[in-house]
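What follows is the residue order along each chain.
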Amino acid sequence: MNDFNQLAVYFGYLGSYFPTVFFKNLLKNKKIKTGKDTFVPSEAYTFLQSLPRELTGWITVYYRMHIIWSTIFASGGVLVAIGRALGSYPID
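Just so we're clear, the structure is a prediction, and the values are computed from it rather than from any experiment. (Residues numbered from 1 in each chain as written. Predicted model: local features only at pLDDT ≥ 70, side-chain atom pairs only at ≥ 80, totals over all residues. Heavy atoms only, no water.)

K.L.:
Help me out: how do you make sense of the overall build of the protein in this one?
P.N.:
From N to C terminus, the protein includes 5 helices and 0 strands. Going from the N terminus to the C terminus, the protein shows its helices and strands as α-α-α-α-α. Overall, the protein is about 55 × 35 × 20 Å in size when its C-alpha atoms are taken along their principal axes. Scored against the burial criterion, the 92 residues of the protein give a buried share of 21%. (Helix = DSSP H or I, 4+ residues; strand = E, 2+ residues; numbered from the N terminus. Buried < 20%, exposed > 50% of the residue type's maximum accessible area, 1.4 Å probe, protein only.)

K.L.:
Would you mind going over the nonpolar core with me for this structure?
P.N.:
Ranked by size, the top nonpolar core spans 6 residues in total: Phe22, Leu26, Ile32, Val40, Tyr45 and Leu48. Where this core is concerned, the elements lending two or more residues are α3 (17-27) and α4 (42-50). Those residues in contact with Leu48 that sit more than four places away from it in its chain are Phe23, Leu26, Leu27 and Thr56. (Core = buried A, V, L, I, M, F, W, Y, C linked by side-chain atoms within 4.5 Å. Contact = heavy atoms within 4.5 Å.)

K.L.:
In this structure, what is going on with the packing of α3 against α4? I would like to understand it.
P.N.:
When two helices pack together, you describe them by how their axes are tilted relative to each other and by the distance separating the axes. Two elements in contact, α3 and α4, have axes whose closest approach is 8 Å; the angle formed by their N-to-C orientations is 85 degrees. Classified by the angle their axes make, α3 and α4 are roughly perpendicular. Counted together, Phe23, Asn25, Leu26 and Leu27 of α3 and Ala44, Tyr45, Leu48 and Gln49 of α4 form the full contact between these two elements. For the contact of α3 with α4, a count of residues per class yields 6 nonpolar, 2 polar and no charged. (Axes fitted to C-alpha atoms, helices over the stretch in contact; angles between N-to-C directions. Parallel < 35°, antiparallel > 145°, perpendicular 65-115°, else oblique. Nonpolar A, V, L, I, M, F, W, Y, C, P; charged D, E, K, R; others polar.)

K.L.:
Is there a simple way to explain the environment of Lys31 in this structure?
P.N.:
Structurally, the position occupied by Lys31 is in the loop between α3 and α4. C-alpha of Lys31 to C-alpha of Gln6: the two residues are 25 residues apart in sequence and 18 Å apart in space. Contacts of Lys31, omitting those with residues within four sequence positions, involve Phe39 and Tyr45.

Listed below in structure tokens is the structure:
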């Protein structure tokens, strides 16, 4: 993992999105850059893809949870903005 992903794991739920995307990309066999001119070794892809679905299924579920949470949060923000623009939002 690159330095940013290693640091992001300490930022709780919001920071865990980035390592989740890293592992999801490993599962999908997408090329991942870890440095200026370095990429993840092919052994990492092989290892993660060789694991049974019971051990790697959480990655996709956790990724989808992030997408759903982000969508709900963004929708709420849009509704609050619309409410404030119309002047019907009671909290100032």
